[in-house]
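Below, each chain spelled out in residue letters.
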Amino acid sequence: MADCVFCGIASGKIPSTIVYEDADVVAFRDVAPQTPVHILIVPREHVASFNEVDKLGDDIVAKMFRVASRLAKEQGLRERGYRLVSNCGVDACQSVPHLHIHLLGGRAMGADIA
Ligand code: AMP
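Note that the structure is a prediction, hence the values are computed from the model and not measured. (Residues numbered from 1 in each chain as written. Predicted model: local features only at pLDDT ≥ 70, side-chain atom pairs only at ≥ 80, totals over all residues. Heavy atoms only, no water.)

**A closer look at the nonpolar core**
Our working rule: We call a set of buried Ala, Val, Leu, Ile, Met, Phe, Trp, Tyr and Cys residues a nonpolar core when their side-chain atoms join them within 4.5 Å. For the exposure calls, accessible area comes from a 1.4 Å probe over protein chains only, and a residue counts as buried if that area is under 20% of its type's maximum, exposed if over 50%, partly exposed in between. Runs of H or I in DSSP of at least four residues are treated as helices and runs of E of at least two as strands, each being numbered from the N terminus. Any two residues whose heavy atoms approach within 4.5 Å are treated as being in contact.
One finds Ala 27, Ile 39, Ile 41, Val 67, Leu 71 and Leu 103 to be the most contacted residues of the largest nonpolar core, which totals 20 residues. The leading source of residues in this core is helix α2 (residues 58-74), at seven residues. When residues no more than four places from it in sequence are discounted, the contact partners of Leu 71 are Val 19, Tyr 20, Ala 27, Ile 39, Ile 41 and Leu 103. Grouped together as the second largest cluster of nonpolar side chains are ten residues, Cys 4, Ile 9, Val 26 and Phe 28 included.

**Observations concerning the sheet that holds strand β5 (residues 101-105)**
Stated formally: Note: two strands are recorded as paired if DSSP finds a minimum of 2 bridges between them. To get an axis, fit a line to the C-alpha atoms, keeping to the stretch in contact for a helix; angles then go from 0 to 180 degrees between the N-to-C directions.
Sheet architecture is open: five strands sit in the order β1-β2-β3-β5-β4, paired in antiparallel fashion. Looking at the sheet topology across the chains shown, the edges are occupied by β1 (18-21) and β4 (82-85). Between one strand axis and the next, the sheet turns by 15° as a mean value, whatever way the strands run. As judged from the five bridges shared by strand β3 (residues 37-43) and β5, these two strands associate in the antiparallel manner. Within β5, the position partnered with Ile 39 by the bridge is Leu 103. Those strands touched by α2 are β1, β2 (25-29), β3, β4 and β5, and its axis lies near 160° from that of β3.

**Looking at the site of the ligand**
Basically, it comes down to this: Put simply, a residue is near a molecule or strand once any heavy atom of it comes within 4 Å of that molecule or strand. Counting of polar contacts relies on pairs of N or O atoms within 3.5 Å, with two restrictions inside protein: one atom must be capable of donating a hydrogen and the other of accepting it, and residues adjacent in sequence are counted only when both atoms are side-chain atoms. Every accessible area reported is derived by Shrake-Rupley at a probe size of 1.4 Å, with residue values counting cover from the shown protein chains alone. All amino acids are sorted into three groups, where Ala, Val, Leu, Ile, Met, Phe, Trp, Tyr, Cys and Pro are nonpolar, Asp, Glu, Lys and Arg are charged, and the leftover types, Gly among them, are polar.
If you check the shell around the ligand, you find 16 residues, and the closest are Asp 30, Asn 87, Ser 95, His 100 and His 102. Residue Ser 95 places a main-chain N or O atom 2.7 Å away from an oxygen atom belonging to the ligand. Between the ligand and Val 96 there is a distance of 3.0 Å, counted from an oxygen atom to a backbone nitrogen or oxygen. Protein chains shield 82% of the accessible area of the ligand, which is 510 Å² for the free molecule. Where the shell around the ligand is concerned, the elements lending two or more residues are α1 (5-11) and β2. Residues of the shell around the ligand, tallied by class, amount to nine nonpolar, five polar and two charged.

**Side note on the pattern of salt bridges**
Basically, it comes down to this: Definition used for salt bridges: Asp or Glu carboxyl oxygen within 4 Å of a side-chain nitrogen of Lys or Arg.
Using the criterion set out here, one finds five salt bridges in the structure. Note that Lys 55 and Glu 52 form a salt bridge whose closest N and O atoms lie 3.4 Å from each other. Judged by relative accessible area, which is 25%, Glu 52 ranks as partly exposed. Note that Glu 74 and Arg 70 form a salt bridge whose closest N and O atoms lie 3.4 Å from each other. Taken together, the positions of Glu 74 and Arg 70, both in helix α2 and four residues apart, correspond to about one turn of that helix. Ionic contacts of the salt-bridge type, sharing partners, join the residues Asp 22, Asp 24 and Lys 63 into one network.

**Observations concerning α2**
This is how the line gets drawn: Each residue after the first adds 1.5 Å to the expected span of a helix. Working note: the arc is built from the helix axis to C-beta atom directions.
With 17 residues, α2 extends 24 Å from end C-alpha to end C-alpha; this agrees with the ideal 24 Å at 1.5 Å per step. By the burial criterion, the buried members of α2 are Ile 60, Val 61, Met 64, Val 67, Ala 68, Leu 71 and Ala 72. Down the axis of α2, the sector holding all buried residues measures 135°, keeping them to one side. α2 presents Asp 58, Asp 59, Arg 66, Lys 73 and Glu 74 as exposed residues on the side facing more than 90 degrees away from its buried surface. The secondary structure elements touched by the buried residues of α2 are β1, β2, β3, β4 and β5.

The analysis is restricted to geometry; functional conclusions fall outside its scope.
Following this line, the structure appears as structure tokens:
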């Protein structure tokens, strides 16, 4: 989608630090990391948020979570743990309207998730 920053990253038009990519899914480092490891996992196909997850094939949805698990291992997060977050809509403060999962880890986080 034109003027979508994550579509721009997925297509290579906008620079980013990509840590994983295949035909369906791209993962890259968050430009403003909130934890020592902060990676965003996105589908190449533009869907705005989890509200539209039914537009994606089941294989792509599953792959996003498999990639998250694999990256957590590669980043050394498995022993201490990590958090997966997807903000959806205004109340969750979603700022980029392209579905993404945050992979957060590398330090202890608070128990509150909201
Ligand atoms: P959310 O607020 O859940 O929509 O998360 C959007 C995330 O995208 C934020 O953590 C931003 O720091 C991150 N972000 C925005 N633009 C870029 C970019 N060009 N490259 C990497 N991360 C970005």
